[in-house]
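A structural walkthrough
Residue strings, one per chain:
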Amino acid sequence: MGRRLRLLVGLWALAEVIVLVLVAQWIGVGWTVLATLATSALGWVLLARQGTRALAELRERARTRRSAGRELGDAGLIGVGGLLMVLPGFLGDLVGLLCLLPGTRSLVRAVLGRLIASRVPVGLRPPVRVESVRTAEVPDAGPAPAAGPLVIEGEVLRGPDGRPLR
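Residues numbered from 1 in each chain as written. Predicted model: local features only at pLDDT ≥ 70, side-chain atom pairs only at ≥ 80, totals over all residues. Heavy atoms only, no water.

Across its full length, the protein chain carries five helices and zero strands. For the protein chain, the N- to C-terminal ordering of α and β elements is α-α-α-α-α. Here the protein chain holds 166 residues, and the buried ones make up 19% of them. Long-range pairs, those at least 24 residues apart, make up 51% of the contacts in the protein chain with a sequence separation of at least 6. (Helix = DSSP H or I, 4+ residues; strand = E, 2+ residues; numbered from the N terminus. Buried < 20%, exposed > 50% of the residue type's maximum accessible area, 1.4 Å probe, protein only. Contact = heavy atoms within 4.5 Å.)

In this structure, Leu-46, Ala-54, Ile-78, Met-85 and Leu-100 together form the largest nonpolar core, which totals five residues. At the level of elements, helix H2 (29-63) and helix H3 (69-86) are the ones that each hand at least two residues to this core. Apart from residues lying up to four places away in sequence, Leu-100 is in contact with Gly-43, Leu-46, Leu-47, Gln-50, Ile-78, Gly-81, Gly-82, Met-85 and Arg-105. (Core = buried A, V, L, I, M, F, W, Y, C linked by side-chain atoms within 4.5 Å.)

Moving on, we come to a nonpolar patch on the surface. On the surface, a cluster of nonpolar side chains totalling about 830 Å² of accessible area is made up of Trp-26, Ile-27, Val-29, Trp-31, Val-33, Leu-34 and Leu-37. Where the nonpolar patch is concerned, the elements lending two or more residues are helix H1 (2-27) and H2. Looking at the nonpolar patch element by element, the count peaks at five residues for H2. Tracing the backbone through its elements, the reader meets Val-29 in helix H2. Val-29 sits in the exposed class, given a relative accessible area of 61%. (Patch = residues over 30% accessible without salt bridge, like charges linked within 9 Å, V, L, I, M, F, W, Y side chains within 5 Å. Areas by Shrake-Rupley, 256 points an atom, 1.4 Å probe, with all protein chains shown as cover. Salt bridge = Lys/Arg side-chain N within 4 Å of Asp/Glu carboxyl O.)

Moving on: the packing of H1 against H2. Put simply, H1 and H2 touch, their axes get as near as 7 Å, and they point 125° apart. Taken together, the axes of H1 and H2 lie oblique to each other. Judged by the twist between their axes, the crossing of H1 over H2 is right-handed. Contacts from Leu-20, Val-23, Ala-24 and Ile-27 in H1 reach Val-29, Trp-31, Thr-32 and Thr-36 in H2. In the contact of H1 with H2, the residues fall into six nonpolar, two polar and no charged. (Axes fitted to C-alpha atoms, helices over the stretch in contact; angles between N-to-C directions. Parallel < 35°, antiparallel > 145°, perpendicular 65-115°, else oblique. Left-handed = near helix turned anticlockwise from the far one by under 90°. Nonpolar A, V, L, I, M, F, W, Y, C, P; charged D, E, K, R; others polar.)

Right, let's talk about the packing of H2 against H3 for a bit. In the contact formed by H2 and H3, the axes pass within 9 Å of each other and the chain directions differ by 165°. On the basis of their axis angle, the class for H2 and H3 is roughly antiparallel. Both H2 and H3 take part in a crossing whose hand is left-handed. Residues Thr-39, Ser-40, Leu-42, Gly-43, Trp-44, Leu-47, Gln-50, Gly-51, Ala-54, Glu-57, Leu-58 and Arg-61 of H2 form the contact with H3, whose participating residues are Glu-71, Leu-72, Ala-75, Ile-78, Gly-79, Gly-82, Met-85 and Val-86. Here the residues of the contact of H2 with H3 sort into ten nonpolar, seven polar and three charged.

A separate point is the pattern of salt bridges. What the rule picks out here adds up to five salt bridges. Here Glu-60 ties to Arg-63 by a salt bridge, and the two come within 2.8 Å at their closest N and O atoms. Of this pair, Glu-60 and Arg-63 both sit in helix H2, three residues apart, which is roughly one turn of that helix. For Glu-60, a relative accessible area of 33% puts it in the partly exposed group. The class of Arg-63 is exposed, set by a relative accessible area of 60%. Note that Asp-161 and Arg-163 form a salt bridge whose closest N and O atoms lie 3.7 Å from each other.

By themselves, these observations are geometric and do not establish any function.
Below, the structure written as structure tokens:
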């Protein structure tokens, strides 16, 4: 994992340098430096605005004692997007902008969710089915005692429409 990460970071840095050189050849070195500074300043502004909004949503979820899974994910994407926007480089600015803007954040969230779900072992992907010792098949021990009725503990799985699954 560490080797892959180092390779990915190295390739990303190389791509950023190549893009900076191409942009500098296209519009000039001075304009490239100004554009890099402008995107960093825009990153600070967007990070401040979206970050305070995300923190307010997290506070509201905590105050009402509701789950904050999506809000935590948004806060993480905002942090990563702000970092990518503040660091110099146009590729990082583009990815950071996708993470910072509310309209495109859901797209990034969906792509990351699919990527993470594809790396999870099949047995752990939702819905998770667990076989319990209580529900495992018990070998026949002879006739059942007449002491009481047979009780089976279980849970009814329901679909999105509320009906039991077959």
